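Commentary on secondary and tertiary structure
If you want the building blocks of each chain, they are given just below.
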Amino acid sequence: MTNIRKYLTAYHWSMFTLSIFVMIGIFAPLLANELPLACKTPDGWIFPALLTKDRLVYSSKKMQLDECYKTLIPFGSQNTDISRSAAKSPCQSQQIGLAKHWLGTDKLGRDVASGMIHGTQTAMQIGFISVFLSFFFGVSIGMGAAYLKDEGLRLNILQILFLFISVFIFLFYGLYELKFSGFDNWIFMFYFLIFLVGNYLLFYLASLIKDLKNYFIDIDMILIKVIEIRKSFPGIFILLALTTLFVVPSVWNIIMIITLLSWTEFARFARAETLVVKNENYIVSAHLLGFDHLRILYRHILPNIMSSLIVIACFSVGSAIILEATLSYLGIGLPVEQVTWGKMMAEGRDMQLWWLVFFPGLALFIIILCLNTIADVFNRN
Amino acid sequence: MGIFALKRILLLLPTMGIVMILAFFLSKWVPGDAAESFLALQGVQQESNNYKIEYERNYKLLNLDEPLFYFSVIPDFYHPNINEIILPLQRQQVSSLLKQKYASKAILNYISDRDESIKIIKNWKEKNGVISEIMDELLVKASFATEINEIDGVWQTIKPLIADGLHEACPVYRSVEKLTTNKVHWYFPLIKWHGSSNQFHHWVSGLIRGDLGLSIKDGREVSHKILAALKWTLLLAFANFIITGIIAIPSGLAAGYRAGSIYDRISNFVWLILYSIPVFWLASMFIVYCTSSNYASWLNIFPVPGLWYVPDGQSMWTTVVNYSHLLVLPIICLVANDIAQLSRIVRSKVMDQKSEMYVMMAKAKGQSDFKILIKHILPNVMVPLITVLGGKLPAGLSGALIIEVIFNIPGMGRLMYNSIYYADWNVVFGILIIVSLFTILIMLLTDILYAYVNPKVKTALS
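In this convention, every chain numbers its residues from 1, walking through the sequence in written order. Lettering of chains starts at A and numbering of ligands starts at 1, both following the order in which they are written. Local features in a predicted model are, by the rule used here, given only for residues with pLDDT of at least 70; side-chain atom pairs are given and counted only at 80 or more, and totals for whole chains, interfaces and linings are based on all residues. The basis for the side-chain values is all heavy atoms of the structure; hydrogens and waters are excluded.

Things to note about the side chain of R349(A)
The way it works is that DSSP assigns letters per residue, a run of H or I at least four long becomes a helix, a run of E at least two long becomes a strand, and they are numbered from the N terminus. By the secondary structure assignment, R349(A) is in helix 12 (residues 341-351). At 3.0 Å, the side chain of R349(A) forms a polar contact with the side chain of D350(A). With residues up to four places along the chain from it excluded, the contact list for R349(A) reads Y329(A), V357(A), S284(B), I287(B), V288(B) and I406(B). Polar contact criterion, stated in full: a pair of N or O atoms within 3.5 Å, where within protein one must be able to donate a hydrogen and the other to accept it, and residues adjacent in sequence count only if both atoms are side-chain atoms. The contact criterion used throughout is that any non-hydrogen atoms of two residues lie within 4.5 Å.

Okay, structure coming up:
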């Protein structure tokens, strides 16, 4: 009992710390910004840090404003100040202009505390969004494949033919239209809708014809092969090769690549767990009660495999954040002007400045430690 | 056993094929023109007279004029093999016009007619001594235009500037008209078979011969560069492997056997901390604090990570001895995470085994704890560990990348990183495919080894 209580407290602490990091990530522009949070003008209050339209008002009336509330750290992450405060240590005496640099500055005079806060935003975006996406795709595909393993997807020869032709046509026209007229959401949706409706109709017509031999389509085997192919490209090498393909670096590109690379891990675990749960008595009785497949998958199987999936999700968030930090440490993949933890650490290593290395790494370490503790607790249960 | 191995190999062949196809198409997707980079490497300037001839020679030498794959699925109005057009500018113009859905025959017709017309007009100008800057500008514009409106507009502005009746001699007016009428609205897929003379075929046969092309940075063979780098990465990987095993397995065994003891709790805590430390943070902290006397003179323990000078003929052993002091810090950083991970795995496996009947039997016989651990539990723990360790080896290759970059070790990771900066795609994708094939090989070996040492699988096979 004492053991459980001990782990519970560690778990609570981790959750608490993690949610503070998430909050910092969400409210980063309100915590560290060169623009004030709120200002009193003759026409009423304006919020330059919050609203884009107030920014213009602020910059035009800067001189006349007397009552302004600054953000917690009154520096933007990209504000440089080489002449006054370049590479200042937090312990060193500083020429105080606007405010003290609590965590020092880098070689261009950018405030480290502000960079830390904006770096949290990038790290949280990449960590959580990419894992959310890969969780969604990976778990759906993995569960589907395991669920259809034995009773399977049985199609007659006409249906297989239709499937091949429709996939071919969809890919052919979809890709070439993409090439000819660029990416357009509506055209893509239109094609996809035609594809789905046409496919459904054809499937329906084909199923009307009786006396055709049914063939078993082994989706599970295909998934295993896909996972094997993904596993044969080792992590950071394929990540580096893929990031170089994009001409314009951005956070969303990194999120997409990490999602593309990590969904197979979720699919693998969801598949294995579903295979274990699938033949339990309560699933069999749900079948006998006549529940439809989607309900069985999401109401009966998913809750039972969730705790082991959360373990994987925790590790994946950690490794996604580490991957982002590694990439920006190497100076690849993110826009040059964006301040991230990895970039600060790389600069600190080159310039031998301890505060540039210590604080971002400490933040990374705390996040990973929290995630590992949470994963540990779920693993024990 | 042999049949099992053969079956595994046969099952891995399609995976290998798809991995190769993916790596090849990724390498073809990168920006830039390979032939142009090779010309730059040979020192042929774009302004020099023989540029065109040299370009053509290099283009054909690199097989760039061939189609990409054995077959291609294209719209029926498309050019069957757009790579046949050797001049890069012309190739871009054709593909840009194809994107606007004009039939390829009309496009090729237009391009040859355009060049001929420009020649005719230039001849006419020389003969009649016409000097007109606007005209020159328009002609340049005409030779670069890719949008249909622009093309039409330019030629219509040229029309009144040249002598009456000359535009009848220029075939371009007819072909532009033809081009506009040949706009395609509907198209059908066309599957074209190219046979074995394609770029993928050449690439794969090169790969089998060990020929991955030339590096555009220094003109050396990619395979030589990779082999030289691979030694270092393998050295790091094996050092990591052995040190991790030596420390993690005993510590995991002891912790698992005495689960709940003070030692177990302390080691659990330490491993949890060590497991969560980002490797490059550890490395950077070591470099900042422990390689100079900036912060305290007693902290200056390790040498500064320096540049490595490795002459071509020098044996690996000499280099290792020369630079052994530089290898200490990288290996410490490399093993930190892995020790923690492995010892936690061993601990949980030992805890599973501890409650088995055979352990109780051994205890009842009065064997010492040490003997039970080494003789009875360890072999049973090692069997599932094979899969874990097999997965660690390729992961070690990726883990070594950032360590190699930070500590300037001339391994694969550093080579890859530098090659990305030089846009040296042959090396980047050469490394990618070699590392992938290596990973597949390790997967195969672990599977076979697992089946070999595990009596359950062995009997099930026979």
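This is not the end of the story, as more comes after the structure.
Focus: the nonpolar core
Residue types Ala, Val, Leu, Ile, Met, Phe, Trp, Tyr and Cys, when buried and joined through side-chain atoms within 4.5 Å, form a set referred to as a nonpolar core. Accessible area is worked out with a 1.4 Å probe on protein chains only. A residue is then buried under 20% of its type maximum, exposed over 50%, and partly exposed in between. By size, the foremost hydrophobic cluster in this structure holds 160 residues, and its most contacted members are F237(A), L240(A), I301(A), W341(A), F407(B), I431(B) and L432(B). It is helix 11 (residues 293-330) of chain A that contributes the most residues to this core, 17 residues altogether. Y173(A), Y176(A), A142(B) and I158(B) belong to the second-largest nonpolar core, a separate cluster that totals 39 residues.

Brief notes about the domain arrangement of chain A
When its domains are assigned, chain A resolves into domain 1 (1-33 + 75-150 + 233-381), domain 2 (36-70) and domain 3 (153-217). Computed over C-alpha atoms, the centres of domain 2 of chain A and domain 3 of chain A are 56 Å apart. Domain segmentation is taken from an automatic or database assignment of domains.

Some thoughts on the packing of helix 11 (residues 222-257) of chain B against helix 15 (residues 324-354) of chain B
Residues and elements named next belong to chain B. Fitting a line to C-alpha atoms yields each axis, with helices limited to the stretch in contact; the angle taken between N-to-C directions then spans 0 to 180 degrees. Closest axis-to-axis distance for the helix 11/helix 15 pair is 6 Å, and the angle between their directions is 35 degrees. When you trace helix 11 past helix 15, the crossing you get is right-handed. Its residues assigned to classes, the contact of helix 11 with helix 15 shows 19 nonpolar, 7 polar and 3 charged. Here a crossing is called left-handed whenever its near helix is offset anticlockwise from the far helix by less than a right angle, and right-handed whenever the offset is clockwise. Classes in brief: Ala, Val, Leu, Ile, Met, Phe, Trp, Tyr, Cys and Pro nonpolar; Asp, Glu, Lys and Arg charged; the others, Gly included, polar.

Points about helix 18 (residues 412-421) of chain B
For helix 18 of chain B, the buried fraction is high: 8 of the 10 residues fall into the buried class. In the core, the buried residues of helix 18 of chain B are packed alongside helix 8 (235-243) and helix 11 of chain A together with helix 11, helix 17 (369-407) and helix 19 (425-453) of chain B. Remark: A423(B) follows helix 18 of chain B within two positions and exhibits a positive phi of approximately 55 degrees.

Regarding the interface of chain B and chain A
The interface of chain B with chain A comprises 64 residues on the first partner and 51 residues on the second. Buried area is understood as the total, over both parts, of accessible area removed when two parts are fitted together, assessed with a 1.4 Å probe. Both faces considered, chain B and chain A share a buried interface measuring about 5,000 Å² in area, 74% of it formed by carbon and sulfur atoms. Looking at the side of chain B facing chain A, the largest losses of area belong to Y187(B), F280(B) and W281(B), adding up to 13% of the total buried there. The salt bridge criterion pairs a side-chain nitrogen of Lys or Arg with a carboxyl oxygen of Asp or Glu, the two atoms within 4 Å. For the interface between chain B and chain A, the tally reads 2 salt bridges. With its nearest N and O atoms 2.9 Å apart, the salt bridge here joins R344(B) to D376(A). The greatest single-element share of the side of chain B that touches chain A, amounting to 10 residues, is contributed by helix 1 (residues 2-29) of chain B. For the side of chain B that touches chain A, the class distribution of residues is 48 nonpolar, 11 polar and 5 charged.

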